[in-house]
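Spelled out, the chains give:
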Amino acid sequence: MLGALAFLLGVSVGSFVNVVADRLPGGRSLVRPRSFCESCNRTLTSLDLVPIVSYLWLRGRCRHCGARIPLRSPLVELFTGALFTLTYLRFGYSAETVVVCAALSVLLIVTLIDLEHGLILNVIVFPTMAALVVVAPFWSELGFARPLLGSLGMPASLFNSLIAGAGAFAIFLAIALISPEGMGAGDVKFAGVLGLMLGFPGVLFALWLAVVTGGLVAVVFLLLRKRGRKDAIPFGPFLALGAAVVLLVGADLSTGYQEFAARLPGFWA
Ligand SMILES: [Zn+2]
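First, a word on scope: everything that follows refers to the structure included in this document. Owing to the predicted nature of the structure, the values given are computational and were not obtained by experimental measurement.

## What to know about the overall build of the protein chain
Right, on to step 1. The helix and strand tally for the protein chain stands at nine helices and zero strands.
Right, on to step 2. Each helix and strand of the protein chain, ordered N terminal to C terminal, gives the series α-α-α-α-α-α-α-α-α.
Right, on to step 3. Looking at the protein chain as a whole, 42% of its 269 residues are labelled buried.

## Notes on the coordination of the zinc ion
Six octahedrally arranged donors around a metal ideally form angles of 90 or 180 degrees; four tetrahedrally arranged donors ideally form angles of 109.5 degrees.
Right, on to step 1. Taken together, Cys37 (SG), Cys40 (SG), Cys62 (SG) and Cys65 (SG) make up the full set of protein donors to the zinc ion, lying 2.2 to 2.3 Å away.
Right, on to step 2. For the zinc ion, the four donor atoms in the first shell make angles of 105 to 115° at the metal, so the coordination geometry reads as tetrahedral.
Right, on to step 3. Sequence spacing of the donor residues for the zinc ion, all on one chain, is C-x2-C-x21-C-x2-C. With cysteine 37 in the loop between α1 (2-23) and α2 (53-57) and cysteine 62 in the loop between α2 and α3 (72-91), the pair connects residues that are 25 residues apart, well separated along the chain.
Right, on to step 4. Under the relative-accessibility criterion, cysteine 62 is labelled buried at 9%.

## Focus: the pattern of salt bridges
Right, on to step 1. Tallying each qualifying case throughout the model produces three salt bridges.
Right, on to step 2. As a salt-bridge pair, aspartate 22 and arginine 72 come within 3.0 Å of each other at their nearest N and O atoms. With aspartate 22 in helix α1 and arginine 72 in helix α3, this residue pair connects regions lying 50 residues apart in the sequence.
Right, on to step 3. Classification of arginine 72 as buried rests on a relative accessible area of 16%.
Right, on to step 4. Here the salt bridges share partners, and the residues they tie into one network are Asp22, Arg72 and Glu116.

## Description of helix α6 (residues 156-178)
Right, on to step 1. Here α6 spans 33 Å end to end across 23 residues, near enough to the 33 Å set by a 1.5 Å rise per residue.
Right, on to step 2. Within α6, burial applies to Ser157, Leu158, Phe159, Asn160, Ser161, Ala164, Gly165, Ala168, Phe172 and Ala176.

## Concerning the nonpolar core
Right, on to step 1. Among the nonpolar cores identified, the biggest contains 51 residues, and Leu107, Phe190, Leu194, Met197, Leu198 and Leu247 are the most heavily contacted of them.
Right, on to step 2. Counting only elements with at least two residues in this core, the list comes to α1, α3, α4 (95-117), α5 (122-135), α6, α7 (185-198), α8 (202-224) and α9 (236-263).
Right, on to step 3. At 10 residues, α4 tops the list of elements feeding residues into this core.
Right, on to step 4. Both of domain 1 (1-93) and domain 2 (119-269) provide at least three residues apiece to this core.
Right, on to step 5. Filtering out sequence-adjacent residues up to four positions away, leucine 247 remains in contact with Phe91, Val100, Ala103, Leu104, Leu107, Trp139, Met197 and Leu198.

## A word on the environment of valine 19
Right, on to step 1. Residue position: valine 19 is located in helix α1.
Right, on to step 2. Valine 19 sits in the buried class, given a relative accessible area of 18%.
Right, on to step 3. Distance in space between the C-alpha atoms of valine 19 and serine 73 is 9.1 Å, their sequence separation being 54 residues.
Right, on to step 4. Those residues in contact with valine 19, other than ones at most four positions away along the chain, are Leu30 and Ser35.

## Remarks on a nonpolar patch on the surface
Right, on to step 1. Taken together, Ile171, Ile175, Phe200 and Leu204 make up a surface patch of nonpolar side chains, about 310 Å² in accessible area.
Right, on to step 2. Relative to the assigned elements, phenylalanine 200 resides in the loop between α7 and α8.
Right, on to step 3. Residue phenylalanine 200 is classed as partly exposed on the basis of its relative accessible area, which comes to 34%.

Criteria and cut-off values
- Residues numbered from 1 in each chain as written.
- Predicted model: local features only at pLDDT ≥ 70, side-chain atom pairs only at ≥ 80, totals over all residues.
- Heavy atoms only, no water.
- Helix = DSSP H or I, 4+ residues; strand = E, 2+ residues; numbered from the N terminus.
- Buried < 20%, exposed > 50% of the residue type's maximum accessible area, 1.4 Å probe, protein only.
- Donors = N, O, S within 2.8 Å, 3.2 Å for Na, K, Ca; no water.
- Tetrahedral: all angles 85-135°; square planar, octahedral: opposite > 155°, others 65-115°.
- Salt bridge = Lys/Arg side-chain N within 4 Å of Asp/Glu carboxyl O.
- Expected span 1.5 Å × (residues − 1).
- Core = buried A, V, L, I, M, F, W, Y, C linked by side-chain atoms within 4.5 Å.
- Domains from an automatic or database assignment.
- Contact = heavy atoms within 4.5 Å.
- Patch = residues over 30% accessible without salt bridge, like charges linked within 9 Å, V, L, I, M, F, W, Y side chains within 5 Å.
- Areas by Shrake-Rupley, 256 points an atom, 1.4 Å probe, with all protein chains shown as cover.

In C-alpha cells form, the structure reads like this:
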C-alpha cells in the first residue's frame, strides 16, 4: 500500500523533474507560466498534465495542434516512480527514504540536462551542496559505513562528508587540469556534490563506477564510430549512476566487501 503511494509520489515528482530539466537550462522560471505546448504555445490544463495517464490518453500528441509530446516525459515519470518505490522498499517508512528520494531526483535532473545540453548547472550544484551540508550530520547510517575520522568537534558524519567532498573535488580538479578536453568544470563541482552526498569511502566506489561505465560506453561509441574522439560524451550521467547505486545498495556492497575481504589472505583485507 505504501509502496504504491511511493510510486505515485515518484511519478508526480518525475513530472516536476521534466519541468526543471526543460526550463532551468534556459534560465526560465519553474512556476510561471503554467505548462504549455512547446509547439502551439497553448496553456495545458490539469487534464493534459496527469503524469503518464495523459500521455497514453492523448496517444502522445498535443490535444490542440497534434504535435508530438516528447517520449521523455512519460519515461522520466515512470522511472522516477520506480526509483521512489525501490527507495521505499530499501529504507522503509523513514527519513532516509525522503533524503534518498530527494537526492535521486537531483541526480536525475543533472543527468537529463547534461545529456541534452552538455551542462551541469551551478543553480543545481550549489543549492544541493548547501542542502547536503545541512543533512550530513544526521546521515551517518546511509550507504557505506562511514569510518569515524577525527572530527574537529564536528558531528563525525558531517566531517566525513566534508572530507569526501573536498577529496572528490580535488581529484577531479587534478584530472581536469591534466586533460581539459575530457572533463568540464561542471563535472569537478558535481564530483564534490557526490562526496558530500555519499561520504568516504562510498564516494570512491561511485567515482570508480562512473569511470568504468563511462569508459565502457566511450569504447562502444568509438567502435560504432558514432562520435569522433573529440566529441566528448557527457560524464555527469555516469557520475549520477555511480551515486545512485551507492545510495541504494551501498550498505550491502560495503558489508559484502568486508565479508569478501575477510576470506582473503593477509594484505588484501
Ligand atoms: Zn500544441
